[in-house]
Amino acid sequence: MNQPKFDALTASQREAVFHKEGPLLVIAGPGSGKTRVITCRIAALIGSGVWPRAICAITFTNKAAEEMRQRAISLGVPPGAQISTFHSMCVRILRQYAQASGVNPAFSIYDTADQSKCVKQALKDCDMDSTNFPPGKMLAAISTLKNKLVTPEAFNTSAEDFFSRNLAKVYTRYQALLDQHNALDFDDLLVKTALLLEGRAEVCRELGERFRFLLIDEYQDTNHAQYRIAKALASLHGNICATGDPDQSIYRWRGADIRNILAFERDWPSAKVVKLEENFRSSATILKAADALIRCNRQRKDKRLVPTRPEGKPIDVVVCEDEFDEAFTIARRIKDLASSGERLNSMAVFYRVNAMSRTMEEAFIRQQVPYQVVRGVEFYNRKEIRDLLAYLKVAVNPQDEVALRRIINTPTRGIGDVTVEKVQAYATAHRISLYQALTQASAIETLSGAVKGRLAVFVARLEVLKKDSAGPAAPLVQRAFTESGLEQSLRESGTGGYPGGQDALENCQELISAAGQYDQQTETPSLLEWLQQISLFSDVDAYDGTSSRVALMSLHAAKGLEFDHVFIAGLEEGLLPHEQSCDDEQEIEEERRLFFVGITRARKSLHITHCRYRTIRGQTLRTVASPFLFELGVESTISTAKEDRDPIHDREHRYDRSDPEITAAFTRGEMVRHKAFGLGRVQDFTDMGDNSFVTIRFNTGQTKTLMLKYANLTKV
DNA sequence: AAAACATACATTTTT
DNA sequence: TGTATGTTTT
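All of the points below concern the structure found in this document. Just so we're clear, the structure is a prediction, and the values are computed from it rather than from any experiment.

1. Considering the packing of aromatic side chains
Okay, so step 1: Summed over all chains, the structure comprises 8 aromatic pairs.
Okay, so step 2: A ring pair is formed by Tyr251 and Trp253, whose centres lie 5.7 Å apart and whose planes are at 55 degrees; its orientation type is tilted.
Okay, so step 3: When the centroid spacing of 6.1 Å and the interplanar angle of 65 degrees are considered together, the rings of Phe350 and Phe563 count as edge-to-face. Within this pair, whereas Phe350 is found in strand β12 (residues 347–351), its partner Phe563 is found in strand β15 (residues 563–568), the two being separated by 213 residues in sequence.
Okay, so step 4: A residue is classified by how much of its surface remains accessible, and Phe350, at 0% relative accessible area, is buried.

2. What to know about the environment of Lys120
Okay, so step 1: Examined against the element boundaries, Lys120 turns out to sit in helix α6 (residues 112–125).
Okay, so step 2: According to the relative accessible area criterion, Lys120 is partly exposed, its value standing at 48%.
Okay, so step 3: Between the C-alpha atoms of Lys120 and Leu139, which are 19 residues apart in sequence, the distance is 9.6 Å.

3. A closer look at the nonpolar core
Okay, so step 1: In this structure, Leu389, Leu392, Phe458, Leu511 and Trp530 are the most contacted members of the largest nonpolar core, which totals 54 residues.
Okay, so step 2: Setting aside anything within four residues of it in sequence, one finds Leu392 in contact with Leu465, Leu476, Val477, Ala480, Leu527, Trp530 and Leu531.
Okay, so step 3: Grouped together as the second largest cluster of nonpolar side chains are 44 residues, Val103, Phe107, Val191 and Leu207 included.

4. Considering the packing of helix α1 (residues 11–18) against helix α2 (residues 34–47)
Okay, so step 1: Running from amino to carboxyl end, α1 crosses α2 at an angle of 45 degrees, the nearest separation of the two axes being 8 Å. Considered as vectors, α1 and α2 are oriented oblique to each other. Along this stretch, α1 crosses α2, giving a crossing that reads as right-handed. Here Gln13, Ala16, Val17 and Phe18 of α1 lie close against α2, whose contacting residues are Arg36, Val37, Cys40, Arg41 and Ala44.
Okay, so step 2: For the contact of α1 with α2, the per-class residue count stands at 6 nonpolar, 1 polar and 2 charged.

5. Comments concerning α2
Okay, so step 1: Taking 1.5 Å as the rise per residue, α2 with 14 residues should run 20 Å; its terminal C-alpha atoms sit 19 Å apart, in good agreement.
Okay, so step 2: By the criterion of burial, α2 is predominantly enclosed, with 11 of the 14 residues buried.
Okay, so step 3: Following α2 by one or two positions, Gly49 has its phi on the positive side, about 105 degrees.

Criteria and cut-off values
- Residues numbered from 1 in each chain as written.
- Chains lettered and ligands numbered in written order.
- Predicted model: local features only at pLDDT ≥ 70, side-chain atom pairs only at ≥ 80, totals over all residues.
- Heavy atoms only, no water.
- Phe/Tyr/Trp six-rings, centres within 6.5 Å; stacked < 30°, edge-to-face > 60°.
- Helix = DSSP H or I, 4+ residues; strand = E, 2+ residues; numbered from the N terminus.
- Buried < 20%, exposed > 50% of the residue type's maximum accessible area, 1.4 Å probe, protein only.
- Core = buried A, V, L, I, M, F, W, Y, C linked by side-chain atoms within 4.5 Å.
- Contact = heavy atoms within 4.5 Å.
- Axes fitted to C-alpha atoms, helices over the stretch in contact; angles between N-to-C directions.
- Parallel < 35°, antiparallel > 145°, perpendicular 65-115°, else oblique.
- Left-handed = near helix turned anticlockwise from the far one by under 90°.
- Nonpolar A, V, L, I, M, F, W, Y, C, P; charged D, E, K, R; others polar.
- Expected span 1.5 Å × (residues − 1).

Below you can see the structure in the form of structure tokens.
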């Protein structure tokens, strides 16, 4: 049926696509057409008589899952196969087997911000000092334990040294708090699923019978919990197909265990291994450099990078003066490429740390190069979105105390900290949840009549929402928006606590329409399901490859993407490899893989820059070129960006040239640069047209009032 | 309750 | 250097 579509496959791709029964490991290098192989494999399985519903494909990101679904559709694969991320699969399993796994199906999903609230609370409850035990560190340690499926009880018995014993206390308390709140954090989703599958043989068998074919993408990024889940799910039949590239493992720091993919053949001795070594993406020149680089890693399975494309342009390595010069140089080269007919959305700039995006953005604005910054979080982390979602979460799961505390006085409704503490005291005394205590507020003697009234109004609103919480999500989100008072407070912005009132309003409306979309796409939509689903979303998916803009992103964010022209900035010691990843050889090797990932995104041309000086945290330091540069082993065109510019007044010229608004108004607090005095902050601005003057406190400590027309200031 | 002030902090990021 | 968060002030 789908046979004609498979004709274009290479021999090794065919092997991977048509291997039917038993374990299969596909080691797929960059640009080897891996995604296509997986979707073709799904099609081939179904073509050979496998029922679509028996297929379970697991990805790491929602974006990857969506892409795979789209590809499957365009291949003509009938619907029914489950294609989802590890986490959403776990949510589904946990809800289906709620009883067996000991969770309440209305659970909230806690993200890092919620987690951090709980850890802080746990530290407080344990009388531990957050200076000696920083919440972030504790959370990371807890996450590591969870990844290894170590329960608080187990850790309690094994913890011996001072730190471990304290960690055990916090971990135990933290987990108790989550239980109390009927909440699972991201790690719990995996842990509970793994424990369910390993602890309940009948559940494991049922799921094994249902999902006869398991496909796991990016297997090199699995952590231990995910590994155990995969192993359990495939234990019945051994039909597990793992695909990945050990050379693209860049998430060790968040628990990814490269040993999972390296030891696949040991776990599944009958495994067939297929290597996809041909690269259909990059020019031979780029591949040669990438190959030379990655060969410097010692802990590695040997793998070839076989080019199928012609030589292409030489790799371009540029030494810049400082980060401004670097950004300027990149912007100018992009302009050159654009004027030679290349599309802006075929180009991308990668950097090691997101902080580097700002300098880039400034240069791009000045040079008028359209760009988009691709960043992780944003939308769902906005205050107004979190507030609105918290309101809904409480309606669905009143035990969710983090959400409840968030909204109890947001927008302000005269329920201050003192009141909450009184209610909390009552709750503790009567061993009930905070929410339950709120419903009994009239019985709390320490509260005044007025406060009781306000609490009653608040609870009544939530109760109504809770009662009507069945059916489509969008109307409920709309209602919560209005009834919570959030909408009104946003409309009256300026006075309220929301500085960007208009934006915030639009964001909330966007959330409502997102809920509407979910309602339309889902057979039996429910608020609970929607909330659980969007907890697992981030908006990296918001990257728009079709708009005509250059993409700016971190090297990590670049994984899975490809561009004709790639720029990688900051190839300096301490930045790439990052100074905090230089402790051991393993970390250095991961940094090398990160660079490798960046390089192999490029199809036609690769441009690498590094600076002689870079300002980090306000200090300008002389830099050293990254050792990785020399490992590329290519005859690179080393050019100095500065050569065609005035060497002394570079920076000033750059700004003068591109900033015609030199007499524009300045506002208090703005950063400006003065030729002689350097950086400073505007204290005051008196607009007198041509004779305007401006008061600036310079970083040298002096404050000066200058005539604008003579000052020659530039905005920073 | 809001604004002003002070202080810690600072990779990578998905779920 | 900036920011994000927490604390004090009004």
